[in-house]
Amino acid sequence: MSPEAMDVLFPMHVRLDADGLIRRVGPTMQKLRPGRQLEGLRFLDLFELNQRRSISAMPDLLAQAGQKLRLRLRDEPRTALKAVVVPLEDGGAIVNAAFGIAFGDALQTYPLHSGDFAPTDLTIELLYLAEANAAVTQAYRKLGLRLQGAKMAAEEQAYTDTLTGLKNRRAMDHVLARLIRSGQDFALSHMDLDFFKQVNDTHGHAAGDAVLQQVAKVLVEETREADTVARVGGDEFVLIFPRLTRPARIEEIAARLIDRLEEPVMFEGQECRISCSLGTTLSSYYAAPQAEQMLADADAALYGSKESGRARHSFFVPHAEGLTGR
């Protein structure tokens, strides 16, 4: 049989001479050691045989003719193979190898494709199955990523006020519950827009929407990334400041918000003027903070700001002795 025919029918064969030296290897066998000259090497220096009897010379190898051999390449990667030895008339032999159950590992280790195996080799079927499995796995992975992205988008939408892009009441409830469970100190401010009804009545709801969007922009700019800004009603907002319970610092933030929100908002050539009032309570006022109570107390402080003339900020005054803000 010609060497070319051997390559087609047995692409993982190794031809040995009578001294056990490699005279030719099939193209797939050569792929296991790319760039390395295998012809001229001693077969038993390249492969380790795991047999019951010791095999250290060519006669030992020929004595295994017709029996299933278990081979392993001596250097890394130490790929395991199965093989059979067929003696030749010149005293040499053909060793024809296959991956066997190590097929999956071989695919991950070497750049193999269908052309690297004999057309009748069952490995071809396994290769097709592996490629199909990889394609299905990739499709499922992509589908999973799309579903995860859709889920995240849906969750984000469920926690977002569609007009302003701020958090909504549901998100605020979630953040408050998490902060209270963690025992972390925080400040909670309730903010209401002054004169917003006049904007809607005078300029229309489109103008009111534009004002709300500008208010949201200012709130985001004047708070930290870790803070939560939520729109909880038509012109009502809640601000949550983790790890911030110093009254002086909160007063600074409130003052900046009041100043900026008093700047007119232009809508279709018309000035829309509002202001804001705020009320704040601190988690440190409570032995065991509760979201509902803190929201009610911040609302009471907001009411006090409006009663004092609007465009003001007030702190809730705790009634229990010894409870003060930081």
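Preceding this paragraph is the structure being described.
Residues numbered from 1 in each chain as written. Predicted model: local features only at pLDDT ≥ 70, side-chain atom pairs only at ≥ 80, totals over all residues. Heavy atoms only, no water.

**Q** Tell me about the overall build of the protein, residues and numbers included.
**A** Helices and strands together make up the secondary structure of the protein, namely 11 helices and 13 strands. Relative to the globule expectation of 20 Å for 326 residues, the C-alpha radius of gyration of the protein, 39 Å, shows a markedly less compact shape. Across the 326 residues that make up the protein, the buried fraction comes to 40%. The long-range fraction of contacts in the protein, counting pairs at least 24 apart against all pairs at least 6 apart in sequence, stands at 57%. (Helix = DSSP H or I, 4+ residues; strand = E, 2+ residues; numbered from the N terminus. Rg over C-alpha atoms; globule rule 2.2 N^0.38 Å. Buried < 20%, exposed > 50% of the residue type's maximum accessible area, 1.4 Å probe, protein only. Contact = heavy atoms within 4.5 Å.)

**Q** Please provide a residue-by-residue account of the sheet that holds strand E8 (residues 228-231), values included.
**A** Within a sheet, adjacent strands bond to each other through the backbone by hydrogen bonds, running parallel or antiparallel. In space, the 5 strands of this open sheet follow the order E8-E9-E7-E12-E13, with mixed pairing throughout. Because the sheet does not close on itself, it has two edges, and the strands there are E8 and strand E13 (313-315). Neighbouring strand axes in the sheet, compared pairwise and without regard to direction, differ in orientation by 20° on average. With 4 bridges connecting them, E8 and strand E9 (residues 236-242) associate as antiparallel partners. (Pairing = 2+ DSSP bridges. Axes fitted to C-alpha atoms, helices over the stretch in contact; angles between N-to-C directions.)

**Q** Go over the pattern of salt bridges with me, naming the residues and quoting the values.
**A** According to the stated counting rule, one finds 19 salt bridges in the structure shown. Through salt bridges that share partners, Lys-217, Glu-221, Glu-222, Arg-256 and Arg-260 make up one connected network. (Salt bridge = Lys/Arg side-chain N within 4 Å of Asp/Glu carboxyl O.)

**Q** So what's going on with the sheet that holds strand E6 (residues 93-98)? Residues and values would help.
**A** Strand order across the open sheet formed by 6 strands is E2-E1-E6-E5-E4-E3, with antiparallel pairing between neighbours. The open sheet has two free edges, formed respectively by strand E2 (22-25) and strand E3 (47-49), since each of these has just one partner strand. Neighbour-to-neighbour, the strand axes of this sheet turn through a mean angle of 35°, independent of strand direction.

**Q** Any details on the environment of Ser-2? Residues and values, ideally.
**A** Relative to the elements of secondary structure, Ser-2 occurs in the segment before helix H1 (3-9). In this structure, the C-alpha to C-alpha distance between Ser-2 and Glu-225, residues 223 residues apart in sequence, is 75 Å.

**Q** So, the nonpolar core: which residues are in play, and what are the values?
**A** With 47 residues, the main nonpolar core has Met-191, Leu-193, Val-211, Val-215, Leu-219, Phe-237 and Ile-240 as its most contacted residues. Residues Met-29, Ile-55, Met-58 and Leu-61 belong to the second largest nonpolar core, which totals 31 residues. (Core = buried A, V, L, I, M, F, W, Y, C linked by side-chain atoms within 4.5 Å.)

**Q** How would you explain the state of the cysteines if you had to name every residue and give the values?
**A** If you walk through the whole model with that rule in mind, you get 0 disulfides. Unpaired in this structure, Cys-276 has its nearest cysteine sulfur neighbour in Cys-272, at a distance of 16 Å. Judged by relative accessible area, which is 0%, Cys-276 ranks as buried. (Disulfide = S-S within 2.5 Å.)

**Q** Break down empty space enclosed by the protein for me, citing the residues and quoting the values.
**A** Per the counting criterion, the structure on display carries 1 cavity of 30 Å³ or more. Its boundaries defined by the atoms lining it, the largest cavity holds a volume of some 30 Å³. Around the largest cavity sit Ser-189, Leu-239, Phe-241, Ile-250, Ile-253, Ala-254, Leu-257, Leu-278 and Thr-280, which together line it. Mapped by element, the contributors of at least two residues to the lining of the largest cavity are E9, helix H10 (247-261) and strand E12 (275-282). The element that contributes the greatest number of residues to the lining of the largest cavity is H10, accounting for 4 residues. The residue makeup of the lining of the largest cavity, split by class, is 7 nonpolar, 2 polar and no charged. (1 Å grid on protein atoms, 1.4 Å probe; cavity = no way out; pocket = protein on both sides within 12 Å on 5 of 7 lines; lining within 4 Å. Points joined across faces, edges and corners; volume = space filled by probe spheres on them. Nonpolar A, V, L, I, M, F, W, Y, C, P; charged D, E, K, R; others polar.)

**Q** Summarise the packing of aromatic side chains; cite the residues concerned and give the values.
**A** Inspection of every chain in the model, using the stated rule, returns 3 aromatic pairs. Taken together, a centroid distance of 6.4 Å and an interplanar angle of 50° make the contact between Tyr-285 and Tyr-286 tilted. On the basis of relative accessibility, which here comes to 7%, the residue Tyr-285 falls in the buried class. The ring of Tyr-159 has Arg-170 sitting right over it, with the charged end atom 5.0 Å from the ring centre. (Phe/Tyr/Trp six-rings, centres within 6.5 Å; stacked < 30°, edge-to-face > 60°. Lys NZ or Arg CZ within 6 Å of the ring centre and 35° of its normal.)

**Q** So what's going on with unusual backbone geometry? Residues and values would help.
**A** Pro-77 follows Glu-76 through a cis peptide bond whose omega is -10°. One non-glycine residue, Glu-268, lies in the positive phi region at around 50°. By the secondary structure assignment, Glu-268 is in the loop between strand E10 (265-267) and strand E11 (270-272). The exposed category is assigned to Glu-268, whose relative accessible area is 70%. With a phi close to 70°, Arg-310 is a non-glycine residue in the positive phi region. With respect to the element layout, Arg-310 can be found in the loop between helix H11 (291-307) and E13.

Take it as geometry only, folks, not as evidence of what the structure does.
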